[in-house]
Amino acid sequence: MKSTGVIRRIDELGRIVIPKEIRRHLGIREGENLEIFTEEDRIVLKKYSKMLEYGDLSSKLCEIVPSTMDLGLVITDRDKVVSFSSNVLLDLSKSEIDNQLLSYIQSRESYESKVNEKMEIGDYEIEGYFYIQPIISSIDCLGLIILFKDQTFLKEEKQFAKFLAQMIANKIDIS
């Protein structure tokens, strides 16, 4: 692990300030949760993703959707791919999302490509038509549902993307 050489004092309430440069480098935003644990003689702070808690659910959805519909599916959290369907034919596991996908999370609005286009996810490029639906829980936008196929989307398929996003958001809100 790279040392930053930054020293911080713990205040009377046990708090420390994480330097802005480190927060920016790791993409830690105000209001986000951090997981805190120990490893030997270290205190480890790690970005926390509620979406990763539901990896089984998203993996199962990514298994079922392509087998029942002619759609590819990628599910992300705010930083990286959580699950993807086998018809992607690429290993997208732990692929980071780029600024374009992050903008869909921040805007909280769906997106539909009207022409065949290429979308970068991590180090890979997927070609086709895309429908992107943010996963919005009661507290925040947690990630994205990305459907893709080789032709334009039907109204029912767009509704299905909204259903998937709402189902995941409700599962997270209930927990």
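This text follows the structure it describes.
Everything numeric in this text was worked out from a predicted model, so none of it was measured. (Residues numbered from 1 in each chain as written. Predicted model: local features only at pLDDT ≥ 70, side-chain atom pairs only at ≥ 80, totals over all residues. Heavy atoms only, no water.)

The next point concerns the pairing of strand β6 (residues 117–121). For a regular strand, side-chain orientation follows a simple rule: the groups alternate between the two sheet faces. Every second residue of β6 is oriented toward a common face, the buried set being Glu117, Met119 and Ile121 and the non-buried set Lys118 and Glu120. Strand direction decides the pairing type here: β6 and strand β7 (residues 124–136), joined by 5 bridges, are antiparallel. Bridging across to β7, Met119 finds its partner in Ile126. The antiparallel hairpin formed by β6 and β7 contains 2 residues in its connecting segment, where Gly122 sits at a positive phi of about 65 degrees. (Buried < 20%, exposed > 50% of the residue type's maximum accessible area, 1.4 Å probe, protein only. Helix = DSSP H or I, 4+ residues; strand = E, 2+ residues; numbered from the N terminus. Pairing = 2+ DSSP bridges.)

This paragraph deals with the pattern of salt bridges. Enumeration over the complete set of coordinates arrives at 8 salt bridges. One salt bridge in this structure joins Glu112 and Lys158, with 3.0 Å as the shortest N-O distance. Of this pair, Glu112 sits in strand β5 (residues 111–112) while Lys158 sits in helix α5 (residues 155–174), and the two are 46 residues apart along the sequence. Connected through shared salt-bridge partners, Arg78, Arg108 and Asp140 make up one network. (Salt bridge = Lys/Arg side-chain N within 4 Å of Asp/Glu carboxyl O.)

The subject of this paragraph is helix α4 (residues 99–107). Taken together, the buried positions of α4 are Leu101, Leu102, Tyr104 and Ile105. End-on, the buried residues of α4 take up no more than an arc of 150 degrees, which puts them together on one face. Residues Asn99 and Gln106 are exposed on α4 and point more than 90 degrees away from its buried face. Buried residues belonging to α4 abut β5, β6, β7 and β8 (141–149). Phi turns positive, to about 60 degrees, at Arg108, one or two residues after α4. (Arc of directions from axis to C-beta. Contact = heavy atoms within 4.5 Å.)

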